[in-house]
Every structure is written in C-alpha cells, then in structure tokens.
Amino acid sequence: MRNCQWCNQPFQTKVSYQIYCSPECRDDATKEKIADRYAITRRQKRQGKTRLCKSCKKQLSMYNDEPLCDKCLINPGDVSKALKEIKGIANGKPFEDQQ
Ligand SMILES: [Zn+2]
Ligand SMILES: [Zn+2]
C-alpha cells in the first residue's frame, strides 16, 4: 500500500516504481510538471533582461511579474500615476489619452 503522489489516495501496486494510483493522476501530474518547467523557462529568459519599476525605476526582480517593484506595489499613494499608465496599457490606449 502506498499513497498516490498526485491525489494522495492509498492504492495497491504490483510495480515498485508506480507512484500514481491511476493513469489520470499520472497525466495530471505530468501536465503540472510541464507547466512548472514552462514557468521556470520564462523566468530564465528574463534573467538577461533588465526590467525597471514603472514608478521608481528601481530594477525589478525576475520573480516579479508586475511592472512595479515590491515597494511601489504596497504603496499605492506614490504610484497613482504609474497605475494610470498601466491602465492605459491594459486598455490599449496611449498615455496621452489619459488626461
Ligand atoms: Zn491518484
Ligand atoms: Zn518602484
């Protein structure tokens, strides 16, 4: 008896290397592994590029998916202008139209 590595259900196995209770669990686990690898690849691609905070121009961490640094993200008072610009990007409008 062992527990499935995906759904954690106990299951019987004849082969010692089986770690999932069913093909469905194995498939789901494989998909997640691929998604994980994709996220890592995306991060690695970012490593060469320098991204700067839209508000304070501080260099952004490669783990940061936002256009703002951690400080600006938690301090919205300082970044209202930057946030407006981001909204402009989201709406697909140039910044000049925002005034
Ligand atoms: Zn399972
Ligand atoms: Zn910042």
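Residues numbered from 1 in each chain as written. Chains lettered and ligands numbered in written order. Predicted model: local features only at pLDDT ≥ 70, side-chain atom pairs only at ≥ 80, totals over all residues. Heavy atoms only, no water.

Student: Outline a negative patch on the surface, listing residues and values.
Tutor: Together, Glu24, Asp28, Glu32 and Asp36 make up a negatively charged patch on the protein surface. Its place among the elements puts Glu24 in helix H1 (residues 23–47). (Patch = residues over 30% accessible without salt bridge, like charges linked within 9 Å, V, L, I, M, F, W, Y side chains within 5 Å. Areas by Shrake-Rupley, 256 points an atom, 1.4 Å probe, with all protein chains shown as cover. Salt bridge = Lys/Arg side-chain N within 4 Å of Asp/Glu carboxyl O. Lys, Arg positive; Asp, Glu negative; His and termini not counted. Charge placed at Lys NZ, Arg CZ, Asp CG, Glu CD. Helix = DSSP H or I, 4+ residues; strand = E, 2+ residues; numbered from the N terminus.)

Student: Tell me about the coordination of the zinc ion (ligand 1), and please be specific about residues and values.
Tutor: Protein-derived coordination of the zinc ion (ligand 1) comes from Cys4 (SG), Cys7 (SG), Cys21 (SG) and Cys25 (SG), at a distance range of 2.2 to 2.3 Å. One can describe the donor arrangement at the zinc ion (ligand 1) as tetrahedral, given that its four donor atoms subtend angles of 104 to 116° at the metal. Donor residues binding the zinc ion (ligand 1) come from one chain and are separated in sequence as C-x2-C-x13-C-x3-C. Taken together, the positions of Cys4 in the loop between strand E1 (2–3) and strand E2 (10–11) and Cys21 in the loop between E2 and H1 put the pair 17 residues apart, joining distant regions of the chain. Since its relative accessible area comes to 2%, Cys4 is described here as buried. (Donors = N, O, S within 2.8 Å, 3.2 Å for Na, K, Ca; no water. Tetrahedral: all angles 85-135°; square planar, octahedral: opposite > 155°, others 65-115°. Buried < 20%, exposed > 50% of the residue type's maximum accessible area, 1.4 Å probe, protein only.)

Student: Could you give an account of the environment of Arg2, with specific residues and numbers?
Tutor: Mapped onto the elements of the fold, Arg2 is located in strand E1. Those residues in contact with Arg2 that lie beyond four places of it in its chain are Gln9, Pro10, Phe11, Thr13, Ser16, Gln18 and Ile19. Side-chain polar atoms of Arg2 contact the backbone oxygen of Ser16, separated by 2.9 Å. (Contact = heavy atoms within 4.5 Å. Polar contact = N/O pair within 3.5 Å; in protein donor to acceptor, adjacent residues only side chain to side chain.)

Student: Account for the pattern of salt bridges, naming residues and giving values.
Tutor: According to the stated counting rule, one finds two salt bridges in the structure shown. We note a salt bridge from Asp27 to Arg26, for which the minimum N-O separation is 3.9 Å. For Asp27, a relative accessible area of 38% translates into the label partly exposed. Where Arg42 meets Asp65, a salt bridge forms, and the shortest distance between an N and an O atom there is 3.8 Å. Here Arg42 is found in helix H1, whereas its partner Asp65 is found in the loop between H1 and helix H2 (70–73), with 23 residues between them in sequence. Judged by relative accessible area, which is 41%, Arg42 ranks as partly exposed. Residue Asp65 is classed as exposed on the basis of its relative accessible area of 53%.

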